[in-house]
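# Commentary on secondary and tertiary structure
One letter stands for each residue in the lines below.
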Amino acid sequence: MTKKELFFTPGPGALHPEMPSFMNDALRLNIGSLSHRSKTFESLFDDTSAGLKELLGAPDDMQMFLLGSATEAMERIIQNCCARRSFHFVNGAFSQRFLETAQELGRETDVVKSPEGSAFDFVNAQIPTEAELICATHNETSTGVMIDLEALAALKKKHPKKLLALDVVSSAPYGDIPWDAVDAAFFSVQKCFGLPAGLGVLFVNDFCLEKSSDILRAGQSVGSYHNFPTLYSFAQKHQTPETPNVLGLYLLSRVVADYQKRGRKSINEALASRAAQIYEFLEKHASLAPFVKDRRARSATVITVETSDASALLKRLSADGIHLGSGYGKLKDQQVRIANFPVHSDEEIERLSSALS
Ligand SMILES: *Cc1c(COP(=O)(O)O)cnc(C)c1O
């Protein structure tokens, strides 16, 4: 019998173990032909939004918008939450993408960069008065650095008039998002939610909606069908402006229901303890080591590993049916990445550890 193929890739990642049955249900229920103007769709939208808010601890009055991807969420946030100037914390490829999105949309930008693999000094960060929006990435998937959300929230409280947008793509539902400081948060479904790609989810509060209306009133574009006022008016009816990824939404609703049953606290604990185990294993390993040296900056969900020959390691493991992520950019030859997501089981992690031994 051939062994099950295991995916520890950070995105797209492993599918939720129940995905075949969720997909079968979707076919049986004709989800692919469900009208996005029907009552059934409206309930699906509403239930998923309520379930996600409960899971993530988000306030009830936040709005859920459905987009095509997390990268789209970055563009929509810049268009709708920032007329002229944005501020960015950049420590890898995804936070850099957020910065470049703002630049490509003609915004002035200020940036604090942190060397790859190290944390930010949020306490001493200087943010210009003119910045309207602060952009941060909870988990920089390219380098395996997870930021300190409490420190970020404390920084935001020093700038109450600015909006804070948080990329939680490769962390949520892991972690505790400080919603009293966060105005917008987004993820896509192919990382920690174990779905096929093709759906982005963005939560925004009233301050984001007001900002968007202000920009529009001042005569500046906030985008077309996916601008916040349009998304909001449809979300009021539990709908979307366009025909959305209804299948993705259905599958998400099933995974969210499963995660709600487990609860965020227990997911947090399970992933944190598994990550600690993996880092300990790497520290003792003869030829592998954690890339992130500062323990407080180490990600629980994407573990970056130093190795002398990344491609040989990836090849050897994949011959064994185990797929890891390659390193990113200039770190490609000396690094591999291991996803530690809620869809993984302890047995799978054990199979990985013994293959790495
Ligand atoms: C994967 C990822 C993205 C991009 O997600 P898409 O769904 O491909 O747009 C953005 N930010 C982070 C941190 C990611 O890991």
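Refer to the structure printed above.
As the structure is a prediction and not an experimental result, all values here were calculated from the model. (Residues numbered from 1 in each chain as written. Predicted model: local features only at pLDDT ≥ 70, side-chain atom pairs only at ≥ 80, totals over all residues. Heavy atoms only, no water.)

### A word on the packing of helix 2 (residues 39–56) against helix 8 (residues 246–262)
At a closest axis distance of 9 Å, the pairing of helix 2 and helix 8 adopts a crossing angle of 40°. Here the hand of the crossing between helix 2 and helix 8 comes out left-handed. Taking contact as the criterion, the partners of F41, L44, F45, T48, G51, L52, E54 and L55 in helix 2 are, on helix 8, V246, L249, Y250, L252, S253, V256, Y259 and Q260. Looking at the contact of helix 2 with helix 8 residue by residue, the class counts come to eleven nonpolar, four polar and one charged. (Axes fitted to C-alpha atoms, helices over the stretch in contact; angles between N-to-C directions. Helix = DSSP H or I, 4+ residues; strand = E, 2+ residues; numbered from the N terminus. Left-handed = near helix turned anticlockwise from the far one by under 90°. Contact = heavy atoms within 4.5 Å. Nonpolar A, V, L, I, M, F, W, Y, C, P; charged D, E, K, R; others polar.)

### Considering the pairing of strand 9 (residues 184–188)
Judged by how many residues are buried, strand 9 sits mostly within the fold: five of five residues are covered. Side-chain alternation along strand 9 places A184, F186 and S188 on one buried face and A185 and F187 on a second face that is also buried. Examined bridge by bridge, strand 8 (residues 163–167) and strand 9 share three bridges and lie parallel to one another. Paired with D167 across the bridge in strand 9 is F186. (Buried < 20%, exposed > 50% of the residue type's maximum accessible area, 1.4 Å probe, protein only. Pairing = 2+ DSSP bridges.)

### Comments concerning helix 11 (residues 346–356)
By the burial criterion, the buried members of helix 11 are E348, I349, R351, L352, A355 and L356. Seen from one end, helix 11 has its buried residues packed into an arc of 155°, which puts them on one side. The exposed residues of helix 11 that point more than 90 degrees off its buried face are E347, E350 and S354. Considering only its buried residues, helix 11 is in contact with strand 1 (6–8), helix 9 (264–284), helix 10 (310–319), strand 13 (322–326) and strand 14 (335–339). (Arc of directions from axis to C-beta.)

### Here's the deal with the site of the ligand
The full set close to the ligand counts 14 residues, and T71, T141, D167, S188 and K191 are the nearest of them. For the ligand, an oxygen atom lies 2.7 Å from a polar atom in the side chain of K191. Here the ligand, which alone exposes 380 Å², has 87% of that area covered by the protein. In the shell around the ligand, the residues fall into four nonpolar, eight polar and two charged. (Near = heavy atom within 4 Å. Polar contact = N/O pair within 3.5 Å; in protein donor to acceptor, adjacent residues only side chain to side chain. Areas by Shrake-Rupley, 256 points an atom, 1.4 Å probe, with all protein chains shown as cover.)

### Re the layout of surface pockets
If you add up the space inside the largest pocket, you get close to 270 Å³. Together, 18 residues line the largest pocket, and P160, K161, K162, L163 and F207 are the ones closest to its centre. Grouping the amino acids of the lining of the largest pocket by side-chain chemistry returns seven nonpolar, two polar and nine charged. (1 Å grid on protein atoms, 1.4 Å probe; cavity = no way out; pocket = protein on both sides within 12 Å on 5 of 7 lines; lining within 4 Å. Points joined across faces, edges and corners; volume = space filled by probe spheres on them.)

### Section: the pattern of salt bridges
Scanning the entire structure with this criterion turns up 24 salt bridges. Ionic pairing is found between R254 and D25, a salt bridge with its closest N-O pair at 2.7 Å. Taken together, the residues span a long stretch of sequence, with R254 in helix 8 and D25 in helix 1 (residues 19–28) at a distance of 229 residues. For R254, a relative accessible area of 25% translates into the label partly exposed. If you follow the salt bridges from partner to partner, you end up with R85, E108, D110 and E130 in one network. (Salt bridge = Lys/Arg side-chain N within 4 Å of Asp/Glu carboxyl O.)

### Focus: empty space enclosed by the protein
Across all of its chains, the model carries one cavity of 30 Å³ or more by this definition. The calculated volume of the largest cavity comes to roughly 40 Å³. For the largest cavity, the full set of lining residues is I278, F281, I338, I349, L352, S353 and L356. Of all elements in the fold, only helix 9 and helix 11 reach the threshold of two or more residues within the lining of the largest cavity. By residue number, the principal contributor to the lining of the largest cavity is helix 11, which donates four residues. Grouping the constituent residues of the lining of the largest cavity by class yields six nonpolar, one polar and no charged.

### Notes on the environment of L331
The residue L331 is located in the loop between strand 13 and strand 14 in this model. Residue classification places L331 among the buried positions, given a relative accessible area of 15%. Each C-alpha atom, one on L331 and one on F41, is 44 Å from the other, the two residues being 290 residues apart in sequence.

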